[in-house]
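One letter stands for each residue in the lines below.
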Amino acid sequence: MAGRGRGVREDGESTAGVSERLMFAHAAPAEEAPLSLPELHPPAELPPPGGGALQPASPTGTVGQIPKQFGRVSLPALRRSVAVAATTELDRGVGFLLVPVFLAAGVIYYFSLNTEPDLYRPLAAVALMALCAAVSRSWQKTHLVFMASLFCALGFLAAKVETWRMATPMLGSEIQTRLTGRLVTAEAMANGRVRLTIDLVSTEYPTLRYAPDRVRLSARRIPPGMTAGSMLTGYAKLLPPTGPVRPESYDFSFDSYFSGIGGSGFFLGDPKLLAPPSTATTGAPLGARIASAVENAREGIADHIRSSIGGSEGEIAAALIVGVRAGIPDAINESMRRTGIYHIISISGLHMALVAGTIMFLLRGAFALFPDFSSRRPVKKYAAAIALASIAAYLVISGIVVAAERSFIMLAVMLVAVLFDRAALTMRNLAISAIAVILVSPHEVVGPSFQMSFAATAALVGAYAGFADYRAGKTTAPPVKRSFLRFLSRKLAVGVGGAAVTSLIAGSATLLFAIWHFQRVSPLSLLANLAVMPIVSLIVMPFAVLSALAMPFGFDGPFLYVMGKGLTAMIAISAWISERSPVDAVGLISIQSVLLATIALVIATMATTWLRLAAVPFALAALLAIPHVRTPDVLISEDAHLVAMPIGGGELAVNRERSNEFTTDNWKRALKAEDIVPPETFAKDALDIADPVDLPPGSPFYCTGDLCIGRHPSGAIVALAENRDSARPACGFADLIVINDATAYNPCWDQRVLVVTKRQLARDGSAAVFFDPQSATARAAIQYAVEKPYRPWHEQRKYTREARGLPPYEKPERAKPSQPDQ
């Protein structure tokens, strides 16, 4: 892309900027004209237009502009214009940019299926599409259709192969057992507990016949000397992976399956160390030994950073340098999310670029101290090679997350281009990184990290490419001599304006994705980013790099101190803005709006001609489709323990005094509620439910004994019972009955009463209930989070005791030894 100053010569005179797309200017087809010799004129009659300044050609030519008199153009002329523009797009390489788009489409289609397909079907589809594409090379349009279909089939196949390759064994039911395993990671959390990821070796008391390979457990504390690679044992309670907390929300079973985690839980006591890493890793696979060494190095660096900086700043510094984020306090995480600067914590393109830029700046400065060497050697290539090695090490030590992978691939392509004296086509770099991530980890396509990181990057690259094309068609006047104060103020204004535009572009591109996944926006994100990003870019990350370089020599203290002060300022700014930020919960949006916005983003960022205007109708349709979603009237957790119902006025009524905080927070954002209303509890038989229809609409839950009742603002009555016997009286007045008993069945004869049992929820996951506002006698509709037949990441659901209609497992009491007769 055309950088600043590429159109300025060393003597200070300015020329037109140069855009990369000028390299493809010859590809623009033009209408045939009769061949004629140029008419000769005296030189005096050929003054350059524009007052003597040479006017550069437009980087996009005529195809980059809207056809003149567009409103009165005839249909044949419009078709010709579209054909010319489409041909130009293809000649400029848009076909390669669309490869990851079609790959992602195939991946999304695979994961959206209701049933698991066989492997031979996508293999056959790939072979057929490849054959058709090869045969149709003589027909361009048909060939393009078959190539697009081929890449869709390849994406589908990649997702299927990854699912088949992972085949993660998942725990089928809750159980307590003594386990022995090898420690993979140990992360200190903000609440004082330690989160352990363990590769199971054996279980006993009881021995699990279908034990998972890897589990994630928490412990109050771990013994000294227990690090990655250690053998440990302990008595633990294992839980199967949970599903979505509501329909169409994040699926934790899906994430666990592709992370290789077959169960979670906690130690009932402190785990015991059986063997240190030096002994435990003997005979282990080479990959396991390398992973343990890397993890121990990460933890060692993180501990050193925490001890040097201390407090919350130390936890954030450890997250920025080695990617260990578990210890950051929840209050700071929430304030950064509310202000829209949480992307700073996630290692991504910003961090990779700052690391590479700092390394190259230091090396170029060091080489400049030796002019004889620098004049004879390609020192720029040396700096690029060392920067490439540095960001590769940063990627490994930071944990290799999706955003870091994408950023590493992009920067690696750019640095390799420098090594081979090639131009770095930034949008092509993005396409290459997207292809690599999709083929290696297809499941990431449906996650928020992939979608938001690539959407933001594509929007920024496309916007600045368009701006570069705009500047390339302009004649830049020589710079006016200014005083130092005016020069400094102008640079400051340009920097602030650039940061604001960058934040606006990235925020707009990721807005609908953030709402879809998290049901929240950050109203003051622009202000927060303008205030925080200079601190991060000029203080935090450069001194983080300097501290990492000085750490092996023990001279990192001053650099970590400065980094800690910068983080203190960042935390203070984030907290101040968060306190003044309005409510960020925006509720649910339709999936159609997200898909339409994605199409608009693809067209707007990849098109280089006037065809980019085709993004406008898709963007408008996305905005119009946002409210086309029905908000649930009742939400039920998959264990039937928690039920929530909006009662108006921004209040959400729940049936438990103590509820799961994560679940209720998610429900509050989805239902646009601000306050939780706990139930009112009465002594057994103290609440008269003889005529519950007298409850006013919007009443919270009233509980007595094993029964709770509440009334939705629509007038529908919701009853929650602990067993079938307590649910039977509610059949006469309730519209919805939830029974927290896996052995119970429907006690009501009236088919208009919707009865949901714990067994149904164990099989089908959490549920959303919708009452019919038009008819008080119509049966309520229900939507479950998990559909059958099960996909591989939900197969374990059918093995739970609740799904089989069995009561909770009760450990038999040991018989007391008999006393001898006296």
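In this text the structure is predicted, and so the values were computed from the model without any measurement.

1. Re the overall build of the chain
Thinking step 1. Across its full length, the chain carries 24 helices and 18 strands.
Thinking step 2. Relative to its 822 residues, the chain shows a buried fraction of 45%.
Thinking step 3. Across the chain, every contact between residues at least 6 apart in sequence was considered, and the portion connecting residues at least 24 apart equals 67%.
Thinking step 4. Within the structure as shown, the chain displays about 42800 Å² of accessible surface, and the carbon and sulfur contribution to it stands at 62%.

2. Brief notes about the pairing of strand β13 (residues 707-711)
Thinking step 1. Across the five residues of β13, five count as buried, placing the element largely inside the fold.
Thinking step 2. Along β13, one buried face is formed by L707, I709 and R711 and the opposite face, lined by C708 and G710, is buried too.
Thinking step 3. Of the strand pairs in this sheet, strand β12 (residues 699-704) and β13 are connected by four bridges, and their pairing is antiparallel. Counterpart to Y702 in the pairing with β13 is I709.
Thinking step 4. Where β12 folds back on β13, the antiparallel hairpin that results is connected by two residues, among which G705 adopts a positive phi of roughly 65°.
Thinking step 5. As paired elements, β13 and strand β14 (residues 717-721) share five bridges and run antiparallel to each other. Across the sheet, L707 pairs through a bridge with A721, a residue of β14.
Thinking step 6. Linkage of β13 to β14, two consecutive antiparallel strands, is achieved through a turn of five residues, within which G715 is found at a positive phi near 105°.

3. Quick notes on a positive patch on the surface
Thinking step 1. On the surface, R482, R486, R490 and K491 cluster together to form a positively charged patch.
Thinking step 2. Inspection of the secondary structure assignment puts R482 in the loop between α16 (448-472) and α17 (484-518).
Thinking step 3. Looking at R482, the relative accessible area reads 38%, which means it is partly exposed.

4. Points about the nonpolar core
Thinking step 1. Ranked by internal contacts, the top residues of the largest apolar core, which has 88 residues, are I316 and M563.
Thinking step 2. If you tally residues by element for this core, the top one is helix α18 (residues 525-550), at nine residues.
Thinking step 3. Beyond its immediate sequence surroundings of up to four residues, M563 is in contact with A317, L320, I321, V540, F543 and A544.
Thinking step 4. In terms of nonpolar packing, the next biggest core, distinct from the first, is built from 24 residues, A640, V677, A716 and A780 among them.

5. Considerations on the packing of helix α11 (residues 349-368) against α18
Working note: a packed helix pair is described by the angle between its axes plus the distance between those axes.
Thinking step 1. Where α11 contacts α18, the two axes come as close as 10 Å, and the packing angle between them is 60°. When the interaxial angle is binned, α11 and α18 end up oblique. The crossing of α11 and α18 is right-handed. Along the contact surface, α11 presents L350, H351, L354, V355, T358, I359 and L362, while α18 presents M533, V536, S537, M541, P542, V545, L546 and L549.
Thinking step 2. Each residue belonging to the contact of α11 with α18 can be placed in one class, and the counts come to twelve nonpolar, three polar and no charged.

6. Thoughts on the state of the cysteines
Thinking step 1. This structure, assessed with the given rule, holds two disulfides.
Thinking step 2. In this model C703 forms its disulfide with C708; the gap between the sulfur atoms is 1.9 Å. Judged by the torsion about the S-S bond (115°), the C703/C708 disulfide is right-handed. There is no split in this pair, since C703 and C708 are both buried.

7. Section: the sheet that holds strand β9 (residues 651-654)
Thinking step 1. Spatially, β10-β9-β8-β7-β17-β18 is the arrangement adopted by the six strands of the open sheet, whose pairing is mixed. A single partner strand is all that each edge strand has here, and the edge strands are β10 (675-677) and β18 (781-784). Direction aside, neighbouring strands of the sheet carry axes that sit 25° apart on average.
Thinking step 2. Where strand β17 (residues 767-770) lies against β18, four bridges are found, and the strand directions are antiparallel. By the bridge assignment, V769 is partnered in β18 with I782.

8. Here's the deal with the sheet that holds β13
Thinking step 1. Read from one edge of the open sheet, six strands run β11-β12-β13-β14-β15-β16, paired in mixed fashion. Since the sheet does not close on itself, it has two edges, and those belong to β11 (680-682) and β16 (754-757), each with one partner. Taken pair by pair, the neighbouring strands of this sheet meet at an average axis angle of 15°, ignoring direction.

9. Let's talk about the packing of aromatic side chains
Thinking step 1. Applying the stated rule across the entire model yields 19 aromatic pairs.
Thinking step 2. When the centroid spacing of 4.9 Å and the interplanar angle of 55° are considered together, the rings of F254 and F258 count as tilted. Here the residue F254 and the residue F258 both occupy positions in helix α6 (residues 252-259), the gap between them amounting to four residues, near one helical turn.
Thinking step 3. For F258, a relative accessible area of 7% corresponds to the buried category.
Thinking step 4. Measuring from centroid to centroid gives 6.3 Å for F543 and F559, while their planes differ by 40°, and the two rings are tilted. Residue F543 is located in helix α18, and its partner F559 is located in helix α19 (residues 557-580); the two are separated by 16 residues in the primary sequence.
Thinking step 5. Since its relative accessible area comes to 22%, F543 is described here as partly exposed.
Thinking step 6. These aromatic residues form a ring-pair network of at least three members: Y109, Y110, F111, F156, F254, Y257, F258 and W793.
Thinking step 7. The residue whose ring lies beneath R337 is Y342, and the NZ or CZ to ring-centre distance is 4.5 Å.
Thinking step 8. We note R791 situated over the ring of Y110; from NZ or CZ to the ring centre the distance is 4.8 Å.

10. Comments concerning the environment of I290
Thinking step 1. In this fold, I290 is placed in helix α8 (residues 286-309).
Thinking step 2. Relative accessible area serves as the criterion here: at 48%, I290 is assigned to the partly exposed category.

11. Considering the side chain of T800
Thinking step 1. With respect to the helices and strands, T800 occurs in the segment after β18.
Thinking step 2. T800 gets classed as buried once you look at its relative accessible area, which sits at 11%.
Thinking step 3. If we ignore the near neighbours within four places in the chain, the residues touching T800 are G172, S173 and A762.

12. Things to note about helix α10 (residues 330-338)
Thinking step 1. For α10, the complete set of buried residues consists of I332, N333, S335, M336 and R338.
Thinking step 2. Those residues of α10 hidden inside the fold are in contact with α9 (311-322) and α19.

13. Considerations on the packing of α8 against α9
Thinking step 1. At a minimum axis distance of 8 Å, the contact between α8 and α9 shows a crossing angle of 150°. Classified by the angle their axes make, α8 and α9 are roughly antiparallel. The chirality of how α8 crosses α9 is right-handed. For the pair α8 and α9, the contacting residues are R298, I301, A302, I305, R306 and I309 in the first and G311, E313, G314, E315, A317, A318, I321 and V322 in the second.

14. Regarding the confidence of the model for the chain
Thinking step 1. In the predicted model, the chain carries a mean pLDDT of 85, and 87% of its residues have values of at least 70.
Thinking step 2. With pLDDT under 50 throughout, residues 1-64 is counted as low confidence; its partners more than four residues away or in other chains account for 86 contacts.

15. Observations regarding unusual backbone geometry
Thinking step 1. In this model, Y205 is joined to P206 through a cis peptide bond whose omega is 0°.
Thinking step 2. The residue after K788, namely P789, is reached through a cis peptide bond having omega 5°.
Thinking step 3. Tracing the backbone shows P789 in the segment after β18.
Thinking step 4. The phi dihedral of Q519 falls on the positive side, at around 55°, and the residue is not glycine.
Thinking step 5. If you trace the backbone, Q519 turns up in the loop between α17 and α18.
Thinking step 6. What makes Q519 buried here is its relative accessible area of 1%.
Thinking step 7. If you check the backbone angles, K672 has positive phi at about 55° while not being a glycine.
Thinking step 8. Residue position: K672 is located in the loop between α22 (661-670) and β10.
Thinking step 9. We classify K672 as exposed; its relative accessible area is 53%.

Calculation rules
Residues numbered from 1 in each chain as written. Predicted model: local features only at pLDDT ≥ 70, side-chain atom pairs only at ≥ 80, totals over all residues. Heavy atoms only, no water. Helix = DSSP H or I, 4+ residues; strand = E, 2+ residues; numbered from the N terminus. Buried < 20%, exposed > 50% of the residue type's maximum accessible area, 1.4 Å probe, protein only. Contact = heavy atoms within 4.5 Å. Areas by Shrake-Rupley, 256 points an atom, 1.4 Å probe, with all protein chains shown as cover. Pairing = 2+ DSSP bridges. Patch = residues over 30% accessible without salt bridge, like charges linked within 9 Å, V, L, I, M, F, W, Y side chains within 5 Å. Salt bridge = Lys/Arg side-chain N within 4 Å of Asp/Glu carboxyl O. Lys, Arg positive; Asp, Glu negative; His and termini not counted. Charge placed at Lys NZ, Arg CZ, Asp CG, Glu CD. Core = buried A, V, L, I, M, F, W, Y, C linked by side-chain atoms within 4.5 Å. Axes fitted to C-alpha atoms, helices over the stretch in contact; angles between N-to-C directions. Parallel < 35°, antiparallel > 145°, perpendicular 65-115°, else oblique. Left-handed = near helix turned anticlockwise from the far one by under 90°. Nonpolar A, V, L, I, M, F, W, Y, C, P; charged D, E, K, R; others polar. Disulfide = S-S within 2.5 Å. Phe/Tyr/Trp six-rings, centres within 6.5 Å; stacked < 30°, edge-to-face > 60°. Lys NZ or Arg CZ within 6 Å of the ring centre and 35° of its normal. pLDDT = per-residue confidence, 0-100.

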